[in-house]
Amino acid sequence: MGSIDAIEISLDNLLQEVSGKHRQGYRFVTMTCTDVGDGYDILYHFDKDYELFNLRLYLKKGEELPSISSIFFAALLAENEIKDLFGIPVKDLAIDYGGRFLLTEDAPAAPMGKGCSKSIDIRLQGAPEEEGK
Amino acid sequence: MPGSKSIIPFGPQHPVFPEPLQLRLVMEDEKVVEALPAIGYVHRGIEKLAEKKEYTQNIFLVERICGICSFMHALAYCQGIEELMAVTVPDRARYLRVIWSELHRLHSHLLWLGLLADSFGFESLFMQSWRSREAIMDIMEATAGGRVIISTCIIGGTRRDISDELLAGVLKTVDDLERELEIIRPVVFDDYSVKQRLVGVGRITQEQAHDLGAVGPVARACGIAMDFRTTGYSAYKEIKVSPVTETGGDAYARALVRVREMYQSIDIVRQAVRDIPAGDIAAPAKGNPEGEVISRVEQPRGEVVYYIKGDGTKHLERLRVRTPTFANMAPLLAMLPGCELANVPVIVLSIDPCISCTER
Amino acid sequence: MVNLLKSVIGNVFSKPGTRRYPVEKRIPFAGSRGHVEMDPSTCVFCGICARKCPANALTVSRDPKSWTLEPYRCIVCGHCADTCPKKSITMNPNHGLPGGV
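Please read these numbers as outputs of a predicted model, since none were measured by experiment.

## Overview of the overall build of chain C
Within chain C one finds three helices and four strands. Reading the helices (α) and strands (β) of chain C from amino to carboxyl end gives α-β-α-β-β-α-β. On C-alpha atoms alone, chain C measures out to a radius of gyration of 21 Å, which is more than a quarter above the 13 Å that the 2.2 N^0.38 rule sets for 101 residues. Along the three orthogonal principal directions, the C-alpha set of chain C runs to about 70 × 30 × 20 Å. Across the 101 residues in chain C, those meeting the buried criterion constitute 14%. The contacts in chain C between residues at least 6 apart in sequence include a share of 62% that link residues at least 24 apart.

Next comes the structure, spelled out in structure tokens:
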């Protein structure tokens, strides 16, 4: 049974906590998002001297996530990816790809979320591609 | 009089890039003013597929994220699952994993050296370094069964053992490679034309590198002594590694760091082959993974972060991979403004981009 | 450029580093994972290999008895050979011919 240390924060003190980590000299590692049914479990990972420091945020479906790319410029890549793959609206991005960072126009919306169950089955021997739900 | 601005789409198909990456360069005459990356050409949805397959089948999926650092992806995944299931890996397996990891690091740096030389037109160095790389591919096929994707890491240890005669073969390969590196080293370090193309190109400061989250040789070439192998995962507890650093912060410094790391890897392989203990190669793993864990490994390009969340069934709830090139894209955007158009391929290749890792 | 000159001249006068295929064929290494082979006499059609295959390349049925491998799906990982209880699947070191012959 494994677990990681993470400090719970809310949308109100997100930017404040992240600025604090920036002032203390932490390096931004990545952001992780998991779809847990009626919301998203978002984790921010920071590193200093090989020790990880994690912040956990629970975001309800439909809520907007403020971007931390004004504090950590490198975060914009992870936030654009979360916007594409989960469909979470993110505001104040330094560079906003508008949902086209990784996905094309004909890709299913929010493919990593639990609601998307489209599957593509490819058959050999010249049979046409079938798309099944 | 201000110069004329134009936007040049660099890529995604470009003869100098090994993988599709588009950079929209805003140019003023011949100088780059701004660069905007566009990726997504090889997105395969691996994180979603990992939720559909069983956690034992995921090893084969995860090592195909990238062909160059493939064993280390499997290693990071197996280490994470082993921590969740409280499995202790036997000593011999830890040393075997280090031998294969360092062989991967050697062939990755040789591949990178060839591509960098090709980017400024030095075909002979390209051919020479890829020829030296063939010997490593052969020893990987002899010990593990495949040239590129070796599929030997499993949960609890390794799938195959290396016999004593094959260990002697590993030593011979590494000795031959050191002789060939002695021919290549003065070309990279001292050659006048190579230095003209690399010194001062793509420079970033140490503060910029730390702020933008640079990892791997990009950070080490700016003076940040960060190498995840010093934390002592796998057999690095017994084999001491110290980070190779330079202070230039430009493409030349990154080349020096990688060539010196090749010599360091050769020493690590020799030490591992000398000290490898006898014993089992795999421990049994019972049950299913439950809980969440973060596992990190030092790949040739930097630090890779795996977040694994299991819920007690055979299928994982979430697998998240943050590859080093994903972290090095932000420093790349800081290196490009101010350079000339002819230096753009050199700068992009000096961070060692692996776009298939970035997009998974 | 002068540094590599010695090596370049040496390469011109030494014998070629490539093999003259198809006149000389390459002998594969002993442990190489070339392609999957199955021995029908020992197989009991239990279907464990089909369940464990990461690429869903195997189809096994008990009634009627059949074992099919789709060669274009196979990633030559050898997991089926490891998990077969009767050890009827082996990895032949020679590289598989096109079309799964």
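And the narrative resumes.
## Quick look at the overall build of chain A
Summing up its helical and strand segments, chain A has two helices and eight strands in all. When the helices and strands of chain A are read in sequence order from the N terminus, they spell out β-α-β-β-β-β-α-β-β-β. Within the span of chain A, comprising 133 residues, buried residues form 34% of the whole. Residue pairs at least 24 apart in sequence account for 42% of intrachain contacts in chain A once pairs closer than 6 positions are excluded.

## Remarks on the sheet that holds strand E6 (residues 290-299) of chain B
Residues and elements named next belong to chain B. The strand order across the open sheet built from three strands is E6-E7-E8, with neighbouring strands paired in antiparallel fashion. Taken across any chain shown, the strands that pair with only one partner, and hence form the sheet edges, are E6 and strand E8 (316-322). Across the sheet, the mean angle from the axis of one strand to that of its neighbour is 10 degrees, orientation sign disregarded. As paired strands, E6 and strand E7 (residues 302-311) are joined by ten bridges and run antiparallel to one another. By the bridge assignment for E7, Val293 is matched with Ile308. Its contacts with the sheet put helix H3 (residues 70-85) on E6 and E7, and the angle it makes with E6 is roughly 150 degrees. Along the sheet, helix H11 (residues 324-335) contacts E6, E7 and E8; its crossing angle with E7, the most-contacted strand, is approximately 130 degrees.

## What to know about the nonpolar core
The biggest cluster of nonpolar side chains holds 147 residues, and the ones touching the most others in it are Ala74 of chain A together with Cys78, Ile99 and Tyr306 of chain B. For this core, the element with the highest residue contribution is helix H4 (residues 91-119) of chain B, accounting for 13 residues. In this structure, Ile99 of chain B is in contact with Val170, Val269, Ala272 and Val273 of chain B, ignoring residues within four places of it in sequence. Within the second largest apolar cluster, nine residues are counted, among which are Cys53, Ala57, Leu69 and Cys80 of chain C.

## Examining the sheet that holds strand E2 (residues 27-35) of chain A
All names here are of chain A. Judged by pairing direction, the sheet is mixed, and its four strands sit side by side in the order E1-E4-E3-E2 without closing on themselves. One side of each edge strand has no neighbouring strand; the edge strands of this open sheet are strand E1 (6-9) and E2. Direction aside, neighbouring strands of the sheet carry axes that sit 25 degrees apart on average. Relative to strand E4 (residues 51-60), strand E3 (residues 39-48) is paired through ten bridges, and the arrangement is antiparallel. Across the sheet, Phe46 pairs through a bridge with Phe53, a residue of E4. Packed onto the sheet, helix H1 (residues 14-23) meets E1, E3 and E4 and runs at close to 170 degrees relative to E4. Across the sheet, helix H2 (residues 75-86) touches E2 and E3, and the angle it forms with E2 is around 10 degrees.

## Some thoughts on the pairing of E8 of chain B
All names here are of chain B. Judged by how many residues are buried, E8 sits mostly within the fold: six of seven residues are covered. Note: E7 against E8, six bridges, orientation antiparallel. Across the sheet, Lys309 pairs through a bridge with Arg318, a residue of E8. The hairpin formed by E7 and E8 contains four residues between the paired strands, and Gly312 there has a positive phi angle of roughly 90 degrees.

## Some thoughts on the interface of chain C and chain B
Residue-level contacts link 15 residues of chain C with 18 residues of chain B. Looking at side-chain class alone, the side of chain C that touches chain B contains seven nonpolar, seven polar and one charged residues.

## Topic: the confidence of the model for chain A
For chain A, per-residue confidence averages 78 on the pLDDT scale, and 84% of positions sit at 70 or higher. Taken as a whole, residues 122-133 of chain A scores under 50 in pLDDT and shows eleven contacts with residues more than four places along the chain or in a different chain.

## Description of the environment of Leu167 of chain B
Residues and elements named next belong to chain B. Tracing the backbone shows Leu167 in helix H6 (residues 164-190). On a C-alpha basis, the gap between Leu167 and Val273 in space is 6.7 Å, while along the polypeptide they are 106 residues apart. Every residue in contact with Leu167, bar those within four places of it in the chain, is listed here: Ile162 and Val273.

## Structural notes on unusual backbone geometry
The omega torsion across Asp63 of chain C and Pro64 of chain C is 10 degrees, close enough to zero to call that bond cis. Assignment of secondary structure puts Pro64 of chain C in the loop between strand E2 (58-61) and strand E3 (66-69). Phi angles above zero are rare outside glycine, and Ser151 of chain B is one such case at about 50 degrees. Structurally, Ser151 of chain B can be placed in the loop between helix H5 (123-144) and strand E4 (153-154). What makes Ser151 of chain B buried here is the crowd of 23 C-beta atoms within 10 Å. The backbone of Asn56 of chain C shows a phi angle near 55 degrees, a positive value even though the residue is not glycine. Of the residues examined, Asn56 of chain C has 12 C-beta atoms within 10 Å and is grouped as exposed.

## Considerations on the packing of H3 of chain B against H4 of chain B
Two measures define how a pair of helices packs: the angle their axes make with one another and the distance between the axes. All names here are of chain B. Packing of H3 against H4 leaves a shortest axis separation of 8 Å and a crossing angle of 140 degrees. As summarised for this structure, H3 and H4 are arranged oblique, according to the angle between their axes. Crossing geometry of H3 relative to H4 is assigned as left-handed. Contact residues: H3 offers Phe71, Met72 and Leu75, while H4 offers Arg97, Trp100, Ser101 and His104. Of the residues contributing to the contact of H3 with H4, the split by class is four nonpolar, two polar and one charged.

## As for H5 of chain B
Helix length check: H5 of chain B, at 22 residues, gives a terminal C-alpha distance of 31 Å against a target of 32 Å (1.5 Å per residue), a fit within 8%. Tucked into the core, H5 of chain B has its buried residues touching H4 and H6 of chain B together with helix H1 (5-13) of chain C. In the segment just after H5 of chain B, Gly145 of chain B is the residue with positive phi, at about 105 degrees.

## Points about the packing of H6 of chain B against helix H10 (residues 251-275) of chain B
All names here are of chain B. Running from N to C, H6 and H10 point in directions that differ by 160 degrees, and their axes come no closer than 10 Å. When the axis of H6 is compared with that of H10, the two are roughly antiparallel. Read as a crossing pair, H6 and H10 show a hand that is left-handed. Touching Leu167, Val170, Leu171, Val174, Leu177, Glu178, Leu181, Arg185, Val188 and Phe189 of H6 are Ala255, Leu256, Val259, Met262, Tyr263, Ile266, Val269, Arg270 and Val273, all from H10. Looking at side-chain class alone, the contact of H6 with H10 contains 16 nonpolar, no polar and three charged residues.

The rules behind the values
- Residues numbered from 1 in each chain as written.
- Chains lettered and ligands numbered in written order.
- Predicted model: local features only at pLDDT ≥ 70, side-chain atom pairs only at ≥ 80, totals over all residues.
- Helix = DSSP H or I, 4+ residues; strand = E, 2+ residues; numbered from the N terminus.
- Rg over C-alpha atoms; globule rule 2.2 N^0.38 Å.
- Buried ≥ 20, exposed ≤ 12 C-beta atoms within 10 Å, placed from the backbone.
- Contact = placed C-beta atoms within 7 Å.
- Pairing = 2+ DSSP bridges.
- Axes fitted to C-alpha atoms, helices over the stretch in contact; angles between N-to-C directions.
- Core = buried A, V, L, I, M, F, W, Y, C linked by C-beta atoms within 7 Å.
- Nonpolar A, V, L, I, M, F, W, Y, C, P; charged D, E, K, R; others polar.
- pLDDT = per-residue confidence, 0-100.
- Parallel < 35°, antiparallel > 145°, perpendicular 65-115°, else oblique.
- Left-handed = near helix turned anticlockwise from the far one by under 90°.
- Expected span 1.5 Å × (residues − 1).

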